[in-house]
Amino acid sequence: MKICCGTDIIEIERIKKSIDDPKMGKAFVERVFTPKEIQYCESKKAQKYQHYAVRFAAKEATFKAISSQLENKYAMNWKDFEITNTIQGRPELTINGIDLNGIEDIDLSLSHCKEYAVANVTLLRK
């Protein structure tokens, strides 16, 4: 068994600027986030940037945790990782389009405050 970990932290203002950019904002959101993620974040009104940022950090952390076992890490897509919430509000990570053979369990932890968002992904590999 091997434990792999990925962590990422991002300034929320950086994501806000990308989303609010009049030329590239919509393209950025649609390139990075799935429709479910967009719907969830937009439902958060004034706090939507925190939720976008923490999902961005989660995708980066996931990449860090699994990239060492991938043959071609450049074949991955932002939307291969989807972060949703369970009914109880716990964050849940779904990975699509990537062979996860050998990964037994994945755990995700998210946190954000006014200025920063951070995510940690831990996976257990055979």
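Now for a quick tour of the structure. Numbering of residues starts from 1 in each chain and follows the order in which that chain's sequence is written. Owing to the predicted nature of the model, reporting of local features is limited to residues with pLDDT of at least 70; listing and counting of side-chain atom pairs is limited to 80 or more, with chain, interface and lining totals taken over all residues. To get the side-chain values, all heavy atoms of the structure are used, and hydrogens and water are removed first.

## Comments concerning the nonpolar core
Selection criterion: In plain words, nonpolar cores are sets of buried Ala, Val, Leu, Ile, Met, Phe, Trp, Tyr and Cys residues tied together by side-chain atoms within 4.5 Å. To sort residues, take the accessible area from a 1.4 Å probe on protein chains only and compare it with the maximum for the residue type: under 20% means buried, over 50% means exposed, and anything in between is partly exposed. The way it works is that DSSP assigns letters per residue, a run of H or I at least four long becomes a helix, a run of E at least two long becomes a strand, and they are numbered from the N terminus. Contacts: residue pairs with any heavy atoms within 4.5 Å of one another.
Core analysis: the biggest nonpolar cluster contains 33 residues, and I15, F28 and I66 have the highest contact counts within it. Elements that contribute at least two residues to this core include exactly β1 (2-11), α1 (12-20), α2 (25-32), α4 (48-66), β2 (81-85), β3 (91-95), β4 (103-112) and β5 (116-125). It is α4 that provides the largest number of residues to this core, a total of ten residues. Setting aside residues up to four positions removed in sequence, I15 forms contacts with I10, F28, Y49, Y52, A53 and F56.

## As for the packing of helix α3 (residues 35-42) against α4
This is how it is decided: Throughout, an axis means a line fitted to C-alpha atoms (over the contacting stretch in the case of helices), and angles, computed between N-to-C directions, take values from 0 to 180 degrees. For this classification, Asp, Glu, Lys and Arg are treated as charged, while Ala, Val, Leu, Ile, Met, Phe, Trp, Tyr, Cys and Pro are nonpolar and the rest, including Gly, are polar.
Relative to each other, α3 and α4 sit at 145°, their axes nearing to 8 Å. Only K48, H51, Y52, R55 and K59 of α4 make contact with α3, whose side of the interface consists of E37, I38, Y40, C41 and E42. Grouping the constituent residues of the contact of α3 with α4 by class yields four nonpolar, one polar and five charged.

## Here we look at the sheet that holds β1
What counts is decided by this rule: The criterion for strand pairing is that DSSP finds at least two bridges linking the strands in question.
If you trace the three strands from one edge of the open sheet to the other, you get β1-β5-β4, paired in antiparallel fashion. Unpaired on one side and paired on the other, β1 and β4 mark the two borders of the sheet. Sheet twist, expressed as the average angle between the axes of neighbouring strands with direction ignored, equals 10°. Sheet contacts for α1: β1, β4 and β5; angle to β1, the most-contacted strand, approximately 70°.

Taken by themselves, the reported measurements are silent on function.
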